[in-house]
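# Examination of the molecular architecture
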Amino acid sequence: MLVILTGAGISKESGLDTFRDAGGLWQKVSMEDVATPEGFARDPDGVHAFHNSLRKTLLSESIAPNAAHLALGRLEKESAEPVLLITQNIDNLHERGGSKAVLHMHGELLQARCTRCRKVFPWLSDLFTADPCPECSATGTLRPNIVWFGEVPFFMDEISQALSRCSTFVSIGTSGNVYPAANFCVLARQGGARLVELNLEPSNLARVFNESHYGPATRIVPEWVESVLKSGAPGKDGI
Ligand code: APR
């Protein structure tokens, strides 16, 4: 199995901000205020307003999957080995790029969750504190279905299993700053996987990878996918 981890860098050329690059999201807003359970408890309206603006941007006509998302969609369809995509991204660009086996470990911006009845709903409009839960009708209980700092990421059991079994682990467009995702390459290596990094520049974890390609995702991801499909062996062929 081929396991691919993606981060904000893959969606950058689609027009979505990364978090830690110059001009990234965490230079514009305080992560503690808008992306922690404590920040939400202090100011739910402010946290909703922040996520409403991200959702509006994601749904705007100018945002579309780029060549890197499309290449991963193609890889899943054409690869001889099964492909599992684990994304830290809360956007829906992988799905729009044709990928089906996608685990959103940090949740999804286009979903809301009720903290009372725990039901998850597709949510394409603004979300407000006064909105009642469509299932249990409680108010003040809906939140974006997103994993904030200090919360446990989703799908960790499936992810651990996949990491221990994969033949190749590929990290794309992530700085390697946020755990547990930053540890996935080490876990995959312990299971015997070959490690490949595709990023604009060497990430924090660059030294552990067996193979690295640096440049914009829209160039290096399609090139890598092409080489994998041609050789039939992920990570064995250079690009
Ligand atoms: N092509 C490829 N890589 C790129 C591009 C590009 N066009 N542009 C930027 N990058 C790379 C950067 O060099 C950087 O290494 O993408 C990475 C983005 O890093 P971060 O901004 O830290 O994003 P990410 O790693 O996804 O963050 C992880 O942190 O804030 C939380 O929950 C949030 O899921 C996010 C997590």
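It should be noted that the structure appears before, not after, this text.
Residues numbered from 1 in each chain as written. Predicted model: local features only at pLDDT ≥ 70, side-chain atom pairs only at ≥ 80, totals over all residues. Heavy atoms only, no water.

### Focus: the environment of Leu-54
Quick note on the threshold: Comment: elements are numbered from the N terminus, with helices defined as DSSP H or I runs of at least four residues and strands as E runs of at least two. When checking whether two residues touch, look at their non-hydrogen atoms; a contact exists if any pair is within 4.5 Å.
In this fold, Leu-54 is placed in helix H5 (residues 44–59). Between the C-alpha atom of Leu-54 and that of Val-178, which follows or precedes it by 124 residues, the distance is 20 Å. Excluding residues that lie within four positions of it along the chain, Leu-54 makes contacts with Leu-25, Ile-90 and Leu-109.

### A look at helix H10 (residues 217–231)
Heads up, the condition is: Multiplying one less than the number of residues by 1.5 Å gives the expected span of a helix. Burial classes: relative accessible area under 20% of the type maximum marks a residue as buried, over 50% as exposed, and values in between as partly exposed (1.4 Å probe, protein chains only). Directions are taken from the helix axis to each C-beta atom, and the arc is the one they span.
An ideal rise of 1.5 Å per residue puts 21 Å on 15 residues; H10 measures up with 21 Å between its terminal C-alpha atoms. What H10 keeps buried is the set Ala-217, Ile-220, Val-221, Trp-224, Val-225, Ser-227 and Val-228. The buried residues of H10 all sit within an arc of 165° when viewed along its axis, so they share a single face. As for H10, its buried residues are in contact with strand E1 (2–6), helix H1 (9–12), helix H6 (67–78), strand E7 (168–172), strand E8 (194–199) and strand E9 (211–214). Note on H10: the residue one or two positions beyond its end, Gly-232, has a positive phi of about 75°.

### Quick notes on the state of the cysteines
Defined as follows: Criterion for a disulfide: a pair of cysteine sulfur atoms within 2.5 Å.
Enumeration according to the criterion identifies zero disulfides in this entry. With no disulfide of its own, Cys-185 lies closest to Cys-166 among cysteine sulfurs, the gap being 11 Å. For Cys-185, a relative accessible area of 2% corresponds to the buried category.

### Section: the pattern of salt bridges
Worth spelling out the cut-off: What counts as a salt bridge is simple: a side-chain nitrogen of Lys or Arg found within 4 Å of a carboxyl oxygen of Asp or Glu.
Within the structure shown, the criterion is met by nine salt bridges. With a closest N to O distance of 3.5 Å, Lys-56 and Asp-126 form a salt bridge. Taken together, the positions of Lys-56 in helix H5 and Asp-126 in the loop between strand E5 (120–122) and strand E6 (142–146) put the pair 70 residues apart, joining distant regions of the chain. The shortest N-O distance in the salt bridge between Glu-211 and Arg-194 comes to 3.1 Å. Highlighted residues: Glu-211 in strand E9 and Arg-194 in strand E8, separated in sequence by 17 residues. The class of Glu-211 is buried, set by a relative accessible area of 9%. Through salt bridges with shared partners, one network takes in Arg-74, Glu-78 and Glu-226.

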